[in-house]
Amino acid sequence: MADGERTAFVDLLRPIADPPVRPDLISLSASATAAASAAVDPPHGSRAEADRLGASLKELADADARIVFVGDPGRTDPRLALPGNAVRTAKYSFLTFIPRNLFEQFRRLAYVYFLAIAVLNQLPQLAVFGRGASVLPLAFVLLVTAVKDAYEDLRRHRSDRVENGRAAAVLDPAGSGQFRPHRWKDLRVGEVIKVLADESIPCDMVLLATSDPTGVAYVQTINLDGESNLKTRYAKQETMSRLPSITAGSVTTLIRCETPNRNIYGFHANLEVDGKRVSLGASNIILRGCELKNTAWAIGVAVYTGNETKVMLNSSGATSKRSRLETHMNRETLLLSAILITLCSAVSICNGIWLAIHRDELELSQYFRKRDYSGGDEKYYNYYGIAMQVFFIFLMAVIVFQIMIPISLYISMELVRLGQAYFMIRDKNLYDESSNSRFQCRALNINEDLGQIRYVFSDKTGTLTENKMVFQCATIRGIDYSEGKDPSPNGSDVYYVVVGDQFWRPKMLVKTDPKLVRLLRSEGETQEGKHARDFFLALAACNTIVPLIVGTPDPKQKLIDYQGESPDEQALVYAAAAYGYVLIERTSGHIVIDVLGDRQRFNVLGLHEFDSIVTGREYLDIIRATETNLHAYSSMGLRTLVVGMRELSRNDFEEWHSDYEKASTALYGRGNSLRAVASRVENNLQILGASGIEDKLQQGVPEAIESLRQAGIRVWVLTGDKQETAISIGYSCKLLTSEMTHIVINSNSEASCRKSLEDAIAISSKFVAISSRAQNTITGTGSVRVPLALIIDGTSLVHILETELEEKLFKIATVCDVVLCCRVAPLQKAGIVALIKKRTEDMTLAIGDGANDVSMIQMADVGIGISGQEGRQAVMASDFAMGQFRFLVPLLLVHGHWNYQRIAYMILYNFYRNAVFVFIMFWYVLYTAYTLTTAITEWSSVLYSVLYTALPTVVVGILDKDLSRRTLLKYPKLYGTGQREERYNLKLFILTMMDAIWQSLVVFFIPYLAYRDTTVDGSSLGDLWTLAVVTLVNIHLAMDVFRWNWITHLSIWGSIAVAVMCVILIDSIWSLPGYWAIYHIMKTGLFWLCLLGIFAAGMIPRFTMKALTEYFMPNDIQISRELEKFGNFNYFTGTEISMSTFSETHPGFIR
């Protein structure tokens, strides 16, 4: 509003986030008409969605408010009930580390299982291994994990000490008016704090005064939400003018604010000074973690400290996710448990039978004595009756065969995922030069899920597009101005503002329409010219942009850099400046606009949040003309915006102002009250015009979507944009093609939604039937489905999601090749993801860049955040983060494929490796009267899965590649291996166990038959079995390695060498069983002959099956490997995919 004489409220309907309610700014959101408002793109971005979320929360009652006495922490918190300002991000302390870390680790049931095994082995009746040896595997795994956790927590402790020990200037409570240094951790609620330029804010503070006479302060919130643009915060004039009295304590000032909450974009409070109540909002508070910029100093009062600050309340991470392979691994673990129980039961039952048959011979048995004859009195010795012996044997068998469930697998998977994450982070193909950002792996436990994705749910703005808005065209009172021309930096068509002897011009140049420029500058007094001037005045005035003046090499020329939280607002203000309406100053109380050389000052009296649901009045021809232009802009993929105004009489203004002041100072129901006030004034609006803003596609998006489609991945786009804009972008990015038939659902009731869904299902069924008959008639082959695209809006989803209509939507959506959801809210995005996730076993991935995408990202199996223009909320909630949508192709098709095949093979190999060892011990038990005597030393049993065979699996899991990057990108269909679970399934598990049983038979019986009539003892045979099984399983691994390098060679052959050296070392210790046994057996030629026989016989079935399968029934991976080997990459020729353009005739829509 201009000073007294101007009574026109002018506002623009911003398509992005407005800040929370600022009662010290003028801005009444106004729409043209109901019809025009329907064509406006809804607010998009982190802040708008947070505002909506905050508005939906329950308002706080006065009784729940916090009362803060400014400058008097003792009176504010007399009982010291409020937390101090010390923060703690560390999880452990010196006293709690061991119990808490152990508790967290034993949340894995497998660890509880191995702990129970170790405890059972400590009992004398059940002791099979030495007490130390039985504990070693579990202790090793726990120790490694504990050291990793301790190191990470030590870094947190150091960071906490640095943070809490920083100095802050605090007002002396004695009333001297001096600020004295205090450590951050000693700050209390109610203390007055002074912050200097470029310093961090120590706690959440309400501004009292700043170095700017108008009370404005600029802060950077990049540490809080990742947004790098400067934000404006304001001190109230009531505290600015009374600062000396407040600091001296002569004036009682108190703040009534809401209790601590996580909403970083909302703050409800009021200030009472000298009996006057003044409202406070989010523009009056600066939060911990922000930095003061372009402001010499700022003084504020602490209202939230320590763990109650908003940054700390938002510091919790995303919910933990488990990979699909790890979930399936539990199934195989249960099967292994069943095998383990079967083996233990067989041994115990056979032992019971043997005891019953030989009950009279037990006293003289070599392995078993019934009585103890060494003492004077006869007593039972090592015998408790057949029933108890059977029970003890069962438990002892569990101890001996415990490694059937591989404890080393868990830590091996963690190490492999860590290595995979390292190579993904270092991949130059995932590095974004424009933002200088690398790929981030924020969740290490789902790397392999990247290789099994079936559905990708993507946001549009900032994810498929750059979210760098550029003004393109405008329509004013129904007249289209879209003949814009790009200006030259030093051309005569660039508008300059003269300030003294300097020339100021906007930093970013915008194309201008010559006809509109002439209208504004030479025909401004005409009715058409007045409408154009009001239009651009609204663009320049109604926003939250802050103009910053920056220098250039020419001292007489300055650039105006518009800083704001919204790319849309920046584009609109730059557009207004290009036409001569230049915003040159903004303070807490006024703005200054240079209107074609005439400086105009506007007092800022209030602001209403964006609301696209308003009423208006206008001539029908203007409405239709504007709608036509809006549709044309949307068809070109532009974001549209309608601008309206209303002139108020003095009585109307005073009535609004009174209601606004009353609503804005309320603690209870403030949000609802302000919305009610806005709804009363936002009616009978007059259309000024509409704008078209271009948000360009990111580089490589069409090619990325086509590659994903060829890989069998369905891409769904969920956007808040209007339908025409979304469809236009869909064609631009090749999501939609001219061959597709569109099924559009735009319904406003449950009944109409039901009918639309039923019609859509019927239509899709007809298309499938028609295409099937046509294909069979012409070629005599199977059917080819007609490509379908489902386009549905958020209004329809309101009546569909969480109702019985969901099943119908699921049925039609899964038939369609593409789904495009328009005008959807954040929770609806999550609902669409849940629609697929809860009804299918298909893996889902969600990708977005704003806070409105967080719920979708967290709902999907894999969430990816784009480091874009809308802050880091999506990144902080994601599992992975990257800079561009196109990086999704190498991430999924290359790294996802590699990760899946590596982890899948590693799991099966670990099961096989341990099963071979267990079955060897089982065969031996059958020849020792089922007494669980072991020929293999206890140390070899312990070191088998920890040292002898662990490293090669980790190295292969990190480095092995079945196909090259070039091949995987050239043939996207190879990605289907993970989708079909070809590398890890129940069939492969059964075949692996059969192979393990065969190899265990070979390893056991060849030496047994060779040495059964010799004097070689059990310890020597045990050493032979140990070396044979270690070598065999490593040869098995070597046979399956795809890409050899020196690290792989060293790990595999080095592990065999280490096993040989360890066996020799163990047998060289005189105090251990089997002393010198290896030397006795190794000197015989039969020893080496047995090893050769074991290797040949053990690998023949696997080698034969592998050769026959690859020769007669090769899969896609094997064929591609042959293409790589022989260099015949031109064997397959790629087909050209037709590209839809706007000049082509679009297919008909089915409604």
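Given the structure is predicted, the values throughout are model-derived calculations rather than measurements. (Residues numbered from 1 in each chain as written. Predicted model: local features only at pLDDT ≥ 70, side-chain atom pairs only at ≥ 80, totals over all residues. Heavy atoms only, no water.)

Undergrad: Help me understand the overall build of the protein in this model?
TA: What the protein contains, in helices and strands, is 38 helices and 35 strands. Each of the 1151 residues in the protein was classed as buried or not, and the buried ones make up 56%. For the protein, the proportion of contacts with a sequence separation of at least 24, taken over those separated by at least 6, is 77%. Surface exposure of the protein reaches about 48100 Å², of which carbon and sulfur atoms provide 57%. (Helix = DSSP H or I, 4+ residues; strand = E, 2+ residues; numbered from the N terminus. Buried < 20%, exposed > 50% of the residue type's maximum accessible area, 1.4 Å probe, protein only. Contact = heavy atoms within 4.5 Å. Areas by Shrake-Rupley, 256 points an atom, 1.4 Å probe, with all protein chains shown as cover.)

Undergrad: How should the state of the cysteines be read in this particular structure?
TA: Cysteine pairs can be covalently joined through their sulfur atoms, and such a bond is termed a disulfide. Under the criterion given, the structure shown has zero disulfides. Looking at Cys822, it has no disulfide partner, and the nearest cysteine sulfur is the one in Cys821, 7.3 Å off. (Disulfide = S-S within 2.5 Å.)

Undergrad: Quick question: what am I supposed to make of the packing of aromatic side chains here?
TA: Here a ring pair, both rings aromatic, is described through the centre-centre distance and the interplanar angle of the planes. Within the structure shown, the criterion is met by 37 aromatic pairs. A centroid spacing of 5.3 Å and a plane angle of 80° characterise the contact between Phe457 and Trp716, whose relative ring orientation is edge-to-face. Here Phe457, found in strand β16 (residues 453-458), pairs with Trp716, found in strand β28 (residues 714-718); they are 259 residues apart in sequence, far enough to count as distant. In terms of burial, Phe457 and Trp716 fall into one category: buried. With centroids separated by 6.4 Å and ring planes inclined at 90°, the aromatic side chains of Tyr496 and Phe503 adopt a geometry described as edge-to-face. With relative accessibility at 40%, the residue Phe503 sits in the partly exposed group. Ring pairs connect the aromatic residues Tyr924, Tyr927, Phe1004, Phe1005, Tyr1008 and Trp1025, which therefore count as one cluster. Sitting over the face of the ring of Trp297, Lys194 holds its NZ or CZ atom 5.4 Å from the ring centroid. (Phe/Tyr/Trp six-rings, centres within 6.5 Å; stacked < 30°, edge-to-face > 60°. Lys NZ or Arg CZ within 6 Å of the ring centre and 35° of its normal.)

Undergrad: How should I be thinking about the confidence of the model for the protein in this particular structure?
TA: Should pLDDT be low for a region, the predicted coordinates there are not to be read in detail. Mean pLDDT over the protein stands at 82; residues scoring 70 or higher make up 85%. Mean pLDDT across the elements of the protein ranges from a minimum in helix α1 (residues 34-37), with 30, to a maximum in β16, with 96. Across residues 777-783 the pLDDT falls below 50, and counting only partners more than four positions away or on other chains, this stretch makes eight contacts in the model. Contacts of residues 1131-1151 to residues separated by more than four positions or lying in other chains number 39 contacts, the stretch itself having pLDDT below 50. (pLDDT = per-residue confidence, 0-100.)

Undergrad: Hey, could you run me through the sheet that holds strand β22 (residues 557-563) in this one?
TA: Strand pairing in a sheet takes place through backbone hydrogen bonds and is either antiparallel or parallel in direction. Spatially, β19-β20-β22-β21 is the arrangement adopted by the four strands of the open sheet, whose pairing is mixed. Each end of this open sheet is capped by a strand with a single partner; those strands are β19 (497-499) and β21 (546-551). Within the sheet, the average angular offset between the axes of one strand and its neighbour, ignoring direction, is 35°. Examined bridge by bridge, β19 and strand β20 (residues 502-506) share three bridges and lie antiparallel to one another. Each bridged residue has a counterpart across the sheet, and for Val498 the counterpart in β20 is Phe503. (Pairing = 2+ DSSP bridges. Axes fitted to C-alpha atoms, helices over the stretch in contact; angles between N-to-C directions.)

Undergrad: How should the pairing of strand β23 (residues 581-586) be read in this particular structure?
TA: With five of its six residues buried, β23 lies for the most part within the structure. Examined bridge by bridge, β23 and strand β24 (residues 590-595) share five bridges and lie antiparallel to one another. When the bridges of β24 are listed, Val582 appears paired with Asp594.

Undergrad: Help me out: how do you make sense of the environment of Val1033 in this one?
TA: Along the polypeptide, Val1033 turns up in helix α34 (residues 1018-1040). With near-sequence residues (within four places) excluded, Val1033 lies in contact with Tyr909, Tyr912, Arg913, Tyr944 and Thr949.

Undergrad: I would appreciate a short explanation of the sheet that holds β24 in the present structure.
TA: On the basis of which strands lie adjacent, the open sheet formed by three strands has the order β23-β24-β25 and antiparallel pairing. Because the sheet does not close on itself, it has two edges, and the strands there are β23 and β25 (598-603). When strand polarity is set aside, the average angle formed by the axes of neighbouring strands in this sheet is 25°.

Undergrad: Even after reading the chapter, I still don't get the side chain of Asp172, so can you show me in this structure?
TA: Relative to the helices and strands, Asp172 is located in the loop between β3 (167-171) and β4 (179-183). Setting aside anything within four residues of it in sequence, one finds Asp172 in contact with Gln178 and Arg180.

Undergrad: Sorry, what's going on with the packing of helix α30 (residues 950-959) against helix α35 (residues 1046-1067) here?
TA: Angle between the axes and distance between the axes are the two parameters that describe a pair of packed helices. Where α30 contacts α35, the axes come no closer than 8 Å and their chain directions differ by 165°. Overall, the two elements α30 and α35 adopt an arrangement that is roughly antiparallel. Two packed elements cross with a definite hand, and for α30 against α35 that hand is left-handed. Between α30, through Leu951, Pro952, Val955, Val956 and Leu959, and α35, the contact on the second element is made entirely by Ile1047, Thr1048, Ser1051, Ile1052 and Ser1055. The residue makeup of the contact of α30 with α35, split by class, is seven nonpolar, three polar and no charged. (Parallel < 35°, antiparallel > 145°, perpendicular 65-115°, else oblique. Left-handed = near helix turned anticlockwise from the far one by under 90°. Nonpolar A, V, L, I, M, F, W, Y, C, P; charged D, E, K, R; others polar.)

Undergrad: When you look at a nonpolar patch on the surface in this model, what are you seeing that I'm missing?
TA: Residues Leu335, Leu986, Ile990, Leu991 and Met994 make up a contiguous nonpolar surface patch of about 430 Å² in total accessible area. Ranked by residues supplied to the nonpolar patch, first place goes to helix α33 (residues 986-1011) with four residues. With respect to the element layout, Leu335 can be found in helix α11 (residues 324-357). Of the residues examined, Leu335 reaches a relative accessible area of 33% and is grouped as partly exposed. (Patch = residues over 30% accessible without salt bridge, like charges linked within 9 Å, V, L, I, M, F, W, Y side chains within 5 Å. Salt bridge = Lys/Arg side-chain N within 4 Å of Asp/Glu carboxyl O.)

Undergrad: What is the right way to look at the nonpolar core in this model?
TA: Phe401 and Trp1025 are the most contacted members of the largest nonpolar core, which totals 102 residues. When residues of this core are assigned to their parent elements, the largest contribution, 21 residues, is made by helix α28 (residues 888-925). In this structure, this core is formed jointly by two domains, domain 1 (87-166) and domain 3 (407-416 + 894-1125), each of which donates at least three residues. With sequence-adjacent residues up to four places away left out, Phe401 is seen in contact with Leu340, Leu343, Cys344, Val347, Val918, Met921, Phe922, Val925 and Leu932. Formed by 49 residues, the second largest nonpolar core is a distinct cluster that contains Tyr495, Val510, Ala532 and Ala540. (Core = buried A, V, L, I, M, F, W, Y, C linked by side-chain atoms within 4.5 Å. Domains from an automatic or database assignment.)

Undergrad: Help me out: how do you make sense of the environment of Ile353 in this one?
TA: Mapped onto the fold, Ile353 is located in helix α11. Placed 576 residues apart in sequence, Ile353 and Ala929 show a C-alpha to C-alpha distance of 10.0 Å.

Undergrad: It is not clear to me how helix α14 (residues 514-522) should be interpreted in this structure. Could you clarify?
TA: Since one α-helical turn is 3.6 residues long, residues separated by three or four positions face the same way. Buried within α14 are the following residues: Leu516, Val517, Leu519 and Leu520. Each buried residue of α14 lies within a common arc of 160° when the element is viewed along its axis, so the set occupies one face. Tucked into the core, α14 has its buried residues touching β17 (465-476), β18 (479-481), α15 (527-541) and β23. Between the side-chain oxygen at the start of α14 and the backbone nitrogen of Lys515 there is a gap of 2.9 Å, and the oxygen is on Asp513. (Arc of directions from axis to C-beta. Polar contact = N/O pair within 3.5 Å; in protein donor to acceptor, adjacent residues only side chain to side chain.)

Undergrad: Even after reading the chapter, I still don't get α34, so can you show me in this structure?
TA: With 23 residues, α34 should reach 33 Å at 1.5 Å per residue; the first-to-last C-alpha distance of 33 Å fits that figure. For α34, a buried count of 19 out of 23 residues is recorded, marking the element as mostly surrounded by other parts of the structure. (Expected span 1.5 Å × (residues − 1).)

Undergrad: What is the right way to read the UniProt feature "active site" (unreviewed entry) in the protein from this model?
TA: UniProt records the feature "active site" (unreviewed entry) at Asp459, using the numbering of this structure. Along the chain, Asp459 turns up in the loop between β16 and β17. On the basis of relative accessible area, Asp459 is assigned to the buried category, the value being 0%. Among the polar contacts made by the side chain of Asp459, one reaches the side chain of Lys829 at a distance of 3.2 Å. (UniProt positions renumbered as here; feature names shortened; annotations may be inferred.)

Undergrad: Whenever I open this one, the pattern of salt bridges confuses me. Can you help?
TA: One side chain can pair with another of opposite charge once the charged atoms of both are near each other. Throughout the structure, instances matching the rule amount to 42 salt bridges. The residue Glu163 makes a salt bridge to Arg288 at a minimum N-O spacing of 3.4 Å. With Glu163 in helix α6 (residues 131-164) and Arg288 in the loop between β12 (285-286) and β13 (291-293), the pair connects residues that are 125 residues apart, well separated along the chain. By relative accessible area, Arg288 is classed as buried at 3%. What emerges from the salt-bridge pattern is a single network uniting Asp995, Asp1040, Arg1102, Lys1106 and Glu1110.

Undergrad: Is there a simple way to explain the side chain of Thr937 in this structure?
TA: Relative to the elements of secondary structure, Thr937 occurs in the loop between α28 and α29 (938-948). Note on Thr937: relative accessible area 13%, which makes it buried. There is a polar contact of 3.0 Å between the side chain of Thr937 and the side chain of Ser940. Sequence-distant contacts of Thr937, defined by excluding residues within four places in its chain, comprise Ile1066 and Pro1073.

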